[in-house]
Amino acid sequence: MKVIIPLLELSRKVSAISTVVPSKTTMPILSTMLIGADGNGITFSATDLDISVTSKVKGRVEVEGKIAVPGKKIAEIVKSLSGDEVILEADREKLTIICCKSRFVVNGRSSDDFPTMPKQEGKTSFTINPGLLLKLIQKSIYAVSTDLTRPALCGVLWEVDRNRLAMISTDGHRLAKVETKIELPDVKKMDVIVPPKALSTLKAYAEGEEKIDVDIGENSISFEMSGTSIYSRLFEGPFPNYQKVIPAANEKELVVTKSVLADATRRVAILSDALTHQVIFSLDKDKLKLHVSTQEIGEASEEIEASFSSDPLEIGYNASYILDIMRTIDSDEISFLLDRPDNAGLIKPVSQEADIKQVCIIMPLRIG
Amino acid sequence: MDPGPFIQPLVRAREVQVSPIRKLTPEVAGKIAAGEVIERPSSVVKELLENSLDASSRRISVALLEGGRKRIAVEDDGVGIPSSELPLAVQNFATSKISDTGDLLKIDTLGFRGEALASIRAVSRFTIRSRTRDEDVGREIQWSGNDLLNDSPYVGNPGTEVIVQDLFFNLPARLEFLSSGTSELRRINSLVESFSLAFPESGFNLIEGGRNIISLPPSTLRERVEVIFSSEVFQHMTTLEKVSPRLRVHGYLSLPNITRGNRSKQYYFINGRLIKDRLLSHAVHQAYRSLIPDGRFPYVLIFLKIPPDGIDINVHPTKAEIRFRNERDIHRLISSAVRGALKGNTISFREKVESVYHSIFPHEQKGSTGTGSTEAGTTPVIPSGEPGPCGVPAGKPGWIFHEAPLSLFEGEERADIISSGKLYWQLHQSYILIQIRGGMVFVDQHAAHERILFDRAKRNMAGEKPAIQSLLFPATIELSPAEYERYEKLSDTLPTLGFEVEPFGLRSIIIHGIPGGVRNWSEGHLLTEILGERNTARTGVEDFIKSFACRAAIKAGTKLSAGEMESLIDQLFATEFPFTCPHGRPTILRVNIADLERRFHRTVSSER
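Residues numbered from 1 in each chain as written. Chains lettered and ligands numbered in written order. Predicted model: local features only at pLDDT ≥ 70, side-chain atom pairs only at ≥ 80, totals over all residues. Heavy atoms only, no water.

Things to note about the interface of chain A and chain B
Now for step 1: The interface is formed by 29 residues belonging to chain A together with 25 residues belonging to chain B.
Now for step 2: Both sides of the chain A and chain B interface together cover about 2,200 Å² of buried area, and 57% of this is carbon and sulfur.
Now for step 3: Linking chain A to chain B there are 2 salt bridges.
Now for step 4: Among the salt bridges present, the one from R456 of chain B reaches D273 of chain A, with a minimum N-O distance of 2.6 Å.
Now for step 5: Taken together, chain A and chain B are joined by 10 residue pairs in polar contact (both at pLDDT 80 or more).
Now for step 6: The element best represented in the side of chain A that touches chain B is strand β26 (residues 365–367) of chain A, accounting for 3 residues.
Now for step 7: Alignment of β26 of chain A against strand β20 (residues 467–478) of chain B, held across 3 bridges, turns out to be antiparallel. Note that in β20 of chain B the partner of I367 of chain A across the bridge is A467 of chain B. (Contact = heavy atoms within 4.5 Å. Buried area = accessible area lost by both parts, 1.4 Å probe. Salt bridge = Lys/Arg side-chain N within 4 Å of Asp/Glu carboxyl O. Polar contact = N/O pair within 3.5 Å; in protein donor to acceptor, adjacent residues only side chain to side chain. Helix = DSSP H or I, 4+ residues; strand = E, 2+ residues; numbered from the N terminus. Pairing = 2+ DSSP bridges.)

Right under this line is the structure:
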């Protein structure tokens, strides 16, 4: 194999794909990335068996062939190079990298050992605008659980239907739900749970793409873009019945400027209890007071202008949950719908974007 | 019923042996009574030392042959016994210390029963010689058992000397049961040590066969404690002092980093009398609970001063047991005094370890085994189960790890850490490594979080309101009968900690909220695990809290972000006892840069 690749192109693609290469594995071949050159061009591939990525790299193929080489090492070398073009030349087990006067010979492995990319046999598929998809992901991924004893909660539930796509995640303390009206005339209705790593990898490649083809199978999902294919296993369900925990009758509405609430929360939380991050929200007529009081540390409070017209109310929340939500909302103002201090609160943007409907549910962290 | 021919002869034999009841001769009665007081050479020494101390002696010398089996001589410089009273002193129930039963309720001398000298005399070849300061000539009397051998004037130094030879020569049965000379010597040695703690203002000598075993000049309590517990241990000790209207407790305690495998260095004195009492030792251990591992024991020296009418010493002739009129008050007082002393010391504890560190491990390393203080908490440790580094077999000291709390986050060192860029490293997703001046420390993330949660739970139990994280999806869990029983027992405790839980049908419970900051909730699995713990002996609330803290804490193998690590360390140091987890294992170990350099065979540089 012999290929010539512009350095800029090479370093961008290699650094993206190296994130898929597992740093620890019991199968040495997985710590490699596969470089291939044939009539269709040059591709780089990596996999940890849960997720696989193949990415096209622009360049000139002089001799076809392929080789598996240590992924992290190659990424490090490419990152260190300076010059315009890089020549990659390989025999069966050695890769030579030449750039200007630098020359590296890296021991590789036979490409035969590298796992073949799984063939996606989709049950349904649709095409979506990358900007919209990434927005949906950003607004849902933050509430994913890290408790591996319940894998279903460690992923994002996708509800795909003919006229809507919804993404839901929850860790049992909060829940994120975002949906968009979208005409997907050919899809079959499906609910699947997508691992967050697949979504963050997708984010790394989706920029600059014009469309993404999504293909969903029984146990896997794949994303096809102009230069990149991503394949990931799905998590097994069932996902809990989330609809019943979304409060429908919260009538006490607090409206507040998002950035003001976020800044104030961040400030008073400095003195919050390090274990619980509890911040108390005291609501009174058109007034929101945030305060914390932590034994042996101190206390902080801040008053915020807000619109509120119900009876005074005091509710505690985990400050980091509040901040997570503020980060995902685009609207300048948020609406916080409350009920009793031990019931779920519902936060949503005041002005919803035309095609996206977002709600955030947060459970209180109250004083017993 | 006829018992049958086989049994009959036996029955008859017993009938034949029945003798009429007779009053014992004074000799036999004396020997029986003596046997109760005088069990072995050390009991002789104990009785004689008590007499010497009651006689306000400044110097007391105990000289032994064969651990006292052959000869015991106790000589003092006390007030002495007037010649005219000396014969009386060795008679039964003769004492100068009480005169009527009313006095029994307010005993403040060590001896009082009037049995000691007579009892010893009855079972040995016995010599007593004494002279008061007012007399020019004292008196010396010799006995052999109950036979008077000699009675003559004595012109030695003022004071009293008692010589006991051939103990139990007339009680061969008792003689057979005596232990070896060395084991008797060990008992007497520890006896003299304990007396010396109670009476630091007196000097003590113990001599065996001409060899000096103990030689203590009159001193202060502090000096005496330092000698008896060794100066190395002493540096890890704190004082204890608490006064209530009728009681006074004072003494010395080892900090939780110094423990022993047994109780042999625990001394409890009530009104100057050494007592083995379960109430007191229980109170002390309760206070140390969760600070030291199970099966380890602190060094303890406690003096309890209590009005004589508050206790009954006259439970047993050896006076080693005691009864309190108000056990609960005393238990509470001792426990809170100990807890207070340990708590008051967490700050200076850090400083102490810092300073002790250098006295035990100076830069001129004595070698990794150089401390010799296997009892001390600063003992070199190799993490168990792992082979030692550089081929040093596990179990042998290799790296010197110290359970070493330092002034970790005092300004200067904090600045040092920050200047090095990265603050915290996580090793094997289990330990947090922090560079500090002069070395590094390792924090066990699980143990640290366990301590934090345990502390929080204790504060909740003491009345602090818990923060409850409400759950979006209430968890319903089904319990076994045993688990449900335990749940019912703990149904008051659970809400106190922040669990919002209620029964839900037959043997099921539903949980709406959990304590804020808890990990490993696993949809209720956490609670099932705790309720299902099989160790039925440990079902108390404290054990529940320990178990809760352990299971709800971050597990080894959990990846932590830099922020999480920092927060964990800060929280750890905000707890009352940051250096051990609730089970008493250390949370922090230190490796000194000097140890590292020695391992690399570098010449040890000055501390950086």
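A look at the pattern of salt bridges
Oppositely charged side chains may form a pair once their charged atoms are brought near each other.
Residues and elements named next belong to chain A.
Now for step 1: Going through the model one piece at a time under the given rule, you end up with 36 salt bridges over all chains.
Now for step 2: Put simply, D324 and R174 hold a salt bridge, and the shortest N to O gap is 2.8 Å. With D324 in helix α6 (residues 319–328) and R174 in strand β13 (residues 174–181), this residue pair connects regions lying 150 residues apart in the sequence.
Now for step 3: A relative accessible area of 8% means that R174 is categorised as buried.
Now for step 4: Overlapping salt bridges, with partners in common, bring together E159, R164, K177 and E179 in one network. (Buried < 20%, exposed > 50% of the residue type's maximum accessible area, 1.4 Å probe, protein only.)

Concerning the environment of N250 of chain A
Residue and element names in this part refer to chain A.
Now for step 1: Mapping N250 onto the fold places it in the loop between β17 (228–233) and β18 (252–257).
Now for step 2: Note: C-alpha distance between N250 and D339 (89 residues apart in sequence) is 5.0 Å.
Now for step 3: Once residues lying within four places of it in the same chain are set aside, the contact partners of N250 are L337, L338, D339, A344, G345 and L346.
Now for step 4: Here L337 takes part through its backbone oxygen, which lies 3.0 Å from a polar atom of the side chain of N250.
Now for step 5: Polar contacts involving the side chain of N250 include one to the main-chain carbonyl oxygen of A344, which spans 2.9 Å.

Observations concerning the packing of aromatic side chains
The geometry of an aromatic ring pair is captured by two quantities: the separation of the ring centres and the angle between the planes.
Now for step 1: Applying the stated rule across the entire model yields 11 aromatic pairs over all chains.
Now for step 2: Look at F281 of chain A and F336 of chain A: their rings are 6.1 Å apart centre to centre, the planes differ by 75°, and that puts the pair in the edge-to-face class. Here F336 of chain A lies in strand β23 (residues 333–338) and F281 of chain A lies in strand β19 (residues 278–284), a separation of 55 residues in the sequence. No difference in accessibility class separates F281 of chain A from F336 of chain A, as the two residues are buried.
Now for step 3: Ring geometry for Y317 of chain A against F336 of chain A: centres 5.5 Å apart, planes inclined by 35°, an arrangement best described as tilted. Residue Y317 of chain A is found in strand β22 (residues 313–318), and its partner F336 of chain A is found in strand β23; the two are separated by 19 residues along the sequence.
Now for step 4: Residue classification places Y317 of chain A among the buried residues on the basis of a relative accessible area of 1%.
Now for step 5: Through successive ring pairs, a cluster of aromatic residues spans F281, Y317 and F336 of chain A.
Now for step 6: The ring of F169 of chain B has R125 of chain B sitting right over it, with the charged end atom 4.1 Å from the ring centre. (Phe/Tyr/Trp six-rings, centres within 6.5 Å; stacked < 30°, edge-to-face > 60°. Lys NZ or Arg CZ within 6 Å of the ring centre and 35° of its normal.)

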